[in-house]
Amino acid sequence: MSWGTELWDQFDNLDKHTQWGIDFLERYAKFVKERLEIEQNYAKQLRNLVKKHCPKRSKDEEPRFTSCLSFYSILNELNDYAGQREVVAEEMGHKVYGELMRYSQELKAERKHHLQEGRKAQQFLDQCWKQMDNSKRKFERECKEAEKSQINFDRLDNDINATKSEVEKAKAQFYLRTHMADESKNEYAAQLQNFNAEQWKHFNNTVPHIFKNLQDMDQRRTVKLGETYRSFAEAERRVVPIISKCLEGMVSAAKAVDERRDSSIVVESFKSGFEPPGDFPFEDFSQNLSRTGSDGAISATPKGDRERDGAPGPRSDPKHPMSRTRNKLWLFGKKPKAPTLEDFSHLPPEQRRKRLQQRIDELGKELQKEMDQRDALNKMKDVYEKNPQMGDPSSLQPKISETMCNVEKLRSEIHKNETWLSEAGKQSSRGDRRQSNDNHHHAPPGRESPEGSYTDDTNQEHHTPRHRAGPPQPGIPNPDPHEFDDEFDDDDPLPVIGHCKALYSFDGQNDGTLVIAEDEVLYVIEEDKGDGWTRARKQSGEEGYVPTSYVDITLEKNSKGAVTYI
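Residues numbered from 1 in each chain as written. Predicted model: local features only at pLDDT ≥ 70, side-chain atom pairs only at ≥ 80, totals over all residues. Heavy atoms only, no water.

Give me the lowdown on the overall build of the chain, citing residues and values where you can.
The secondary structure content of the chain amounts to 9 helices and 5 strands. Going from the N terminus to the C terminus, the chain shows its helices and strands as α-α-α-α-α-α-α-α-α-β-β-β-β-β. In the chain, which comprises 566 residues, the share counted as buried stands at 37%. Long-range contacts, defined as pairs at least 24 residues apart, comprise 74% of the intrachain contacts of the chain with a sequence gap of at least 6. Carbon and sulfur atoms make up 52% of the accessible area of the chain, which totals about 34,300 Å². (Helix = DSSP H or I, 4+ residues; strand = E, 2+ residues; numbered from the N terminus. Buried < 20%, exposed > 50% of the residue type's maximum accessible area, 1.4 Å probe, protein only. Contact = heavy atoms within 4.5 Å. Areas by Shrake-Rupley, 256 points an atom, 1.4 Å probe, with all protein chains shown as cover.)

Please provide a residue-by-residue account of the sheet that holds strand β5 (residues 551–555), values included.
Strand order in the open sheet made by the 5 strands is β4-β3-β2-β1-β5, with antiparallel pairing throughout. Edge strands, defined here as strands with exactly one partner in the open sheet, are β4 (543–547) and β5. The average angle at which neighbouring strand axes cross in this sheet is 40°, direction not considered. Note that strand β2 (residues 521–526) and strand β3 (residues 533–537) share 3 bridges and pair antiparallel. (Pairing = 2+ DSSP bridges. Axes fitted to C-alpha atoms, helices over the stretch in contact; angles between N-to-C directions.)

Can you break down the packing of helix α3 (residues 66–158) against helix α4 (residues 164–238) residue by residue, with the values?
Two numbers describe how α3 lies on α4: the axes approach to 6 Å, and their chain directions differ by 170°. What the angle tells us is that α3 and α4 run roughly antiparallel. Per-class residue counts for the contact of α3 with α4 are 32 nonpolar, 19 polar and 23 charged. (Parallel < 35°, antiparallel > 145°, perpendicular 65-115°, else oblique. Nonpolar A, V, L, I, M, F, W, Y, C, P; charged D, E, K, R; others polar.)

Can you explain unusual backbone geometry? Please cite residues and give values.
For D519, which is not a glycine, the phi torsion comes out positive at approximately 70°. Residue position: D519 is located in the loop between β1 (498–502) and β2.

Help me get a handle on the environment of Q131, residues and values and all.
By the element assignment, Q131 lies in helix α3. Between the C-alpha atom of Q131 and that of Q191, which follows or precedes it by 60 residues, the distance is 6.7 Å.

Which residues make up the pattern of salt bridges, and what values go with them?
With the rule as written, the count across this model stands at 32 salt bridges. For the salt bridge of E268 with R261, the shortest nitrogen-to-oxygen distance reads 3.9 Å. Salt bridges sharing partners connect three or more residues here, namely E99, R102, E106, K224 and E227. (Salt bridge = Lys/Arg side-chain N within 4 Å of Asp/Glu carboxyl O.)

Outline the confidence of the model for the chain, supporting the account with residue identities and numerical values.
Taken over all residues, the pLDDT of the chain has a mean of 78, while the share at 70 or more is 76%. A low-confidence stretch, residues 293–336 (pLDDT under 50), is modelled with 86 contacts involving residues beyond four sequence positions or located in other chains. Overall, residues 560–566 carries pLDDT values under 50, and its contacts beyond four positions in sequence, including any with other chains, amount to 34 contacts. (pLDDT = per-residue confidence, 0-100.)

Got a sec to walk through the packing of aromatic side chains? Specific residues and values, please.
The full count for this structure, using the stated rule, is 14 aromatic pairs. Here the aromatic residues Y28, F31, Y229 and F232 are joined through ring pairs into a cluster of three or more. A cation over an aromatic ring shows up here: K224 above the ring of Y103, its NZ or CZ 5.3 Å from the ring centre. (Phe/Tyr/Trp six-rings, centres within 6.5 Å; stacked < 30°, edge-to-face > 60°. Lys NZ or Arg CZ within 6 Å of the ring centre and 35° of its normal.)

Tell me about the packing of α3 against helix α5 (residues 240–255), and name the residues and values.
Running from amino to carboxyl end, α3 crosses α5 at an angle of 170°, the nearest separation of the two axes being 9 Å. With respect to their mutual orientation, α3 and α5 come out roughly antiparallel. On α5, the residues touching S70, S73, I74, E77, L78, D80, Y81, Q84 and R85 of α3 are I242, I243, K245, C246, G249, M250 and A253. Split into classes, the residues belonging to the contact of α3 with α5 amount to 8 nonpolar, 4 polar and 4 charged.

Give me α4: which residues, what numbers.
In this model α4 runs 106 Å from its N-terminal to its C-terminal C-alpha over 75 residues, within 8% of the 111 Å that 1.5 Å per residue would give. Maximal helix bending in α4 amounts to about 45°, located at H202. (Expected span 1.5 Å × (residues − 1). Bend = angle between axes of the 7 residues up to and from the residue.)

So what about the side chain of T66? Which residues, and what values?
In this fold, T66 is placed in helix α3. For T66, the residues in contact, after removing those within four places along its chain, are A256, V257, D258, R261 and D262.

Could you give an account of the pairing of β4, naming the residues involved and the relevant values?
Among the 5 residues in β4, 5 count as buried, and that is most of the element. Side chains of β4 alternate between two faces, with E543, Y545 and P547 and G544 and V546 buried alike. As paired elements, β3 and β4 share 5 bridges and run antiparallel to each other. Looking at the pairing, T534 lines up with V546 of β4. Count of turn residues in the β3/β4 antiparallel hairpin: 5 residues, of which G541 carries a positive phi of about 105°.

Give me the lowdown on α5, citing residues and values where you can.
The end-to-end C-alpha separation of α5 is 22 Å, in line with the 22 Å expected for 16 residues at 1.5 Å each. Buried residues of α5: I243, C246, G249, M250 and A253, and no others. Buried residues of α5, seen end-on, are gathered within an arc of 110° and therefore sit on one face of the element. Seen from the buried face of α5, the exposed residues on the opposite side, beyond 90 degrees, are K245, E248 and K255. Elements that come into contact with the buried residues of α5 comprise α3. (Arc of directions from axis to C-beta.)

A description of the nonpolar core should follow, citing residues and the corresponding values.
Within the largest apolar cluster, 36 residues are counted, with the highest numbers of intra-cluster contacts made by Y28, V32, M92, L100 and F211. Those elements that provide at least two residues to this core are α2 (11–53), α3, α4 and α5. Element by element, the count of residues in this core is highest for α3, at 14 residues. Contact partners of V32, with chain neighbours within four places excluded, come to M92, V96, Y97, L100 and F232. Residues I497, W533, V546 and V551 belong to the second largest nonpolar core, which totals 14 residues. (Core = buried A, V, L, I, M, F, W, Y, C linked by side-chain atoms within 4.5 Å.)

Could you give me a rundown of the environment of L100, with the residues and numbers involved?
Position of L100 among the secondary structure elements: in helix α3. For L100, a relative accessible area of 0% gives the class buried. C-alpha separation for the pair L100 and R27, spaced 73 residues apart in sequence, amounts to 10.0 Å. Setting aside chain neighbours within four positions, we find L100 in contact with L25, Y28, A29, V32 and T228.

Hey, could you go over the side chain of D528 for me, with residue numbers and the actual values?
Within the secondary structure, D528 is located in the loop between β2 and β3. Within the structure, D528 has its side chain in polar contact with the backbone nitrogen of G532 (distance 3.1 Å). Engagement of the side chain of D528 in a polar contact is seen with the side chain of T548, the distance being 2.9 Å. (Polar contact = N/O pair within 3.5 Å; in protein donor to acceptor, adjacent residues only side chain to side chain.)

Just give me the short version of the pairing of β1, but keep the residues and values in it.
The side-chain alternation of β1 yields one buried face, formed by G498, C500 and A502, and one unburied face, formed by H499 and K501. Alignment of β1 against β2, held across 4 bridges, turns out to be antiparallel. From the neighbouring strand, G498 faces β2, where its bridge partner is V524. Bridge count between β1 and β5: 5 bridges; the pairing is antiparallel. By the bridge assignment, C500 is partnered in β5 with I553.

Here's what the structure looks like:
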């Protein structure tokens, strides 16, 4: 159906309809704009959410639990999902909203042009009608005047009293009016013929052509709306495969959660390498009592213990972690912040080995990188020497020297850390041996180990030689010159259990004591056993005893022999 033939007389309604069509298109464009703003805000909020929950620690401090790694994978997938929402918003903005607004402007201009043509055609037809109507009115007037002149001529011609001049004058007027009526008739006929032709042309050519253009414009608008509807859906459908992959990645991350792996990571992270404490020996305090009963009386001391101890009365094992009433079985307290040492000696052996091995691996990677850079610089230098026009070989020498220096530094660091790693391995094996000896071979009555025992809390104190005594007040140290001699017989260094700061200087004139300066920081390797002396180690590695009242001591919860490393 054509608007030009079916709606030839509906110009005003078509004007309103085309305006409504453009308004509807702009309303849909506004809808698309609001939708893409929602997508943009949604993507922005998702990215902020991911950023809020992403770990802010370094990679070394990242937890390795599968549950944490899966959560971080989900965050990455969610971030990719947010990116796809941004893609949807961008597609809607460029291919839908932008296209609609551009097309709306084109439609407005085209509609204005067609309506102007229609108004011009209508104005031209109105002008033709006015000309025809004017000629018609003129013809009508001339005919009426001719009739009047004819009536006047006939009256005078029949009047016997009229003079001949009057009759002739009336006759001439009659002929004149008749001639003018004939001319008006011809002019009216010509104008009528012209108007009819223009009217036929207007309603059969001009108006159908203009209305056909308006119809085409409206149909193109409808088609464009359909295309943008499809583009609107396509923008969403294009990202569906990627969004599906994001969701599949989240599902895969969920499946990757392994409770057994997490449990093993907990063991690897916190394993100290120490052995658990052994059985407590039976302590018989009745050996020195006089027996008044018969020999067949039941003894309270197990026979096996008496034979194993080889003494009339077993002694309390000073090395055992439960030989003091203040001791605790388990460490569930809050761990204080331990001082971070370069050799990780503040950590248990197992953790120390892992940290040192990790550092050695990192240094090895840096060393390989520096060596590759050195080789590349040497090759470039050879090329410059063979082809001087390419560059000056001497300009590379500073960089080569710097690289060589870095290589030597890294090798030195690796060697130092490997030495510490070897010491950590020996320390762990010694700790195992000591713990085994503590469990099965108790110290004889007359000799005690200067190293004490591994404890599971800072309150568990190590026993030092019984006859050692120290001053209760600073400045009055009076140790026995030979009482510290047996403390350093073992070449194996004790682990660090804390650190201390000297409050006063101490000259350390006796054997086994340390010379310290005021404000000097030392490592604590053995606590005060109640005799006023604390065993410490200097930064240089020198070990000895210092007056406890001369130093400010900070101990760690995790001393050697700890049951659990938290």
